[in-house]
Structure formats: C-alpha cells, structure tokens
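Structural overview for review
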Amino acid sequence: MDNTNRFTLMIDALTELAKEEQVNHASHKPETGLPTLSTILADITPLPDEALFLGLAEDGLPVLLNLYDPIPGPILIVGDQACGKTALLQTIARAVELLHSPSDVQYCIVTSYPNEWINFQDRESNIGIYTTQDNGAQELIQSLVEWAHKNKDDDRTFLLLLDDLEFLTKLDQQTEQSLRWLLLRGTSRRIWPIVTLNASRAQNIETWLSFFRTRLFGNIQNLQDTHLVANASNEILSTLAAGSQFAMREGQNWLKFLSPAID
C-alpha cells in the first residue's frame, strides 16, 4: 500500500473517531492505535530547515509553512469552542521540538489555561509559558519587539503562540501597539505570531482580523460566524471533524488537513 492510500485510510479513521468522541477543553492526547505526530514525521522527513509542520493533508502530504518567507504573515487559527485550536497549537510546538534545533527555532506560549501546557514546561525549545492574567505576557510582547529591532542579523526564529486573541482586550496601550507591530512586521524579523480565536467571539475584535491573511479554520457551525472569519458562506467548515480536522483556503479551493495526536 502506498503512502497516499495509507494516509487516506488513517485520515478517514481519525475523522470518524473525532465525530464519535466528546471533545472537551483539555490537552490533545493520542488515540489508541492511531498514528502519532512522531510516527507521521518519521514518514515524511527529512524536511527543509525552514519548514514548519502544520498538519497532514488528505493526500498524505505535509502542510508546511516556510519560516524564511514572511509573506504569509501571522497565522490565525479560528473555529468553534472545542474544535481543536489549542491542540493544533500544541502539535505545532511539539513538531518544532522534533524537527528543529533550539538554537534555530524556539516558541513561547501565552494562555489563559497554563495547566493545558504542563507537558511543555522545561522543554529546551520553549522559552516560557505566560498567563494572560499577569504582566508577564505583556513584558514578553515588549521584549520580542525589542529583540526584533536590535537583532536584525540574527537567524533565529521565534513562534509566539497566543492562545486566544481576545487577550488583546486586556492590554495597555503600549503593549497593544507592540502586538500590532508584531502582527505587521514580525514575520519579516523571524517572529511568527500564531494566534487562536473562538469564532463566536470574532465580532468583538473584528478590526483585528485584517492582520491575518493566513487563516486555519476548525469546525464552525454558525454560517454567520463563517462569513465573518472566512468571508465565505460555504458550509464546508461545519463538516470538519472537531478536535482534529482543519481547512485553509487555497485560492477558490479548500485544503483539508489533520492535526495528528501528540505522543
């Protein structure tokens, strides 16, 4: 059996299981008998040094982001509650650990639920887990902007994993301006904001959506929400398997992909 057929069968199995299980707001855990992230990466590696793994497409090919190309800009992961947004962030973080040297790529996390990230503490690639309730997250954003201005010739890449864009409503004016700068200029300095948003809350921060040209969509049931965040009335997003399946626009087409289970 070739890779395409094998991965197709795996995707079908994952989709059916995701539809059957009740997904809650907890860390993504591997399902018994299903391929894990490390298994998938073993099949598709080696990858280019600049490749950031996002997921696995239906044809068995990896969905990758070129960390050396700033044009896609910051990434927005948007979908309904419990569609797997945090799980996808965690998959991206773990893939960084498996594919990149900490001297080349590191990540930091801003979250309202630090307990979901306990398994990522003390990882060499992780420069910190910050909660949205304290000043540490705001200091982190300021320090990333300062680093970007002072280290233009530094080849390192940093991922700012911000779990819930509504966090910005708690920022002071200076930090809000710094976050705007990171969204506008960060990728040109190798700082990649990857941000989640609950689709039902997007109307509260609609003016910020324009910062994100690249959007990864999870399951969205409300067509009004779909129109706001995806500028589309297509019902395809309502058919995605909550907890594991995502889609992104490629011109007029949709690319569906899976976020594999983490070991």
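To be clear, the structure that these remarks concern was listed above.
A short tour of the structure in this document, coming up.

What follows concerns the overall build of the protein chain. Per the secondary structure count, the protein chain includes six helices and ten strands. Counting every position in the protein chain, which comprises 263 residues, the buried fraction comes to 52%. Counted over contacts in the protein chain with a minimum sequence separation of 6, partners at least 24 positions apart contribute 66%.

Here the focus is helix 6 (residues 223–230). For helix 6, the complete set of buried residues consists of Asp225, Thr226, Val229 and Ala230. Each buried residue of helix 6 lies within a common arc of 100° when the element is viewed along its axis, so the set occupies one face. The distance from a side-chain oxygen at the start of helix 6 to the backbone nitrogen of glutamine 224 is 2.7 Å, and the residue carrying that oxygen is asparagine 222. Two residues or fewer after helix 6 comes asparagine 231, characterised by a positive phi angle close to 50°.

Mapped onto the elements, threonine 226 comes out in helix 6. Threonine 226 gets classed as buried once you look at its relative accessible area, which sits at 1%. Sequence separation of threonine 226 and glycine 79 is 147 residues, and the distance between their C-alpha atoms is 8.7 Å. When sequence neighbours within four positions are dropped, the list of residues in contact with threonine 226 reads Ile220, Asn231, Ala232, Asn234 and Leu237.

Calculation notes
Residues numbered from 1 in each chain as written. Predicted model: local features only at pLDDT ≥ 70, side-chain atom pairs only at ≥ 80, totals over all residues. Heavy atoms only, no water. Helix = DSSP H or I, 4+ residues; strand = E, 2+ residues; numbered from the N terminus. Buried < 20%, exposed > 50% of the residue type's maximum accessible area, 1.4 Å probe, protein only. Contact = heavy atoms within 4.5 Å. Arc of directions from axis to C-beta. Polar contact = N/O pair within 3.5 Å; in protein donor to acceptor, adjacent residues only side chain to side chain.

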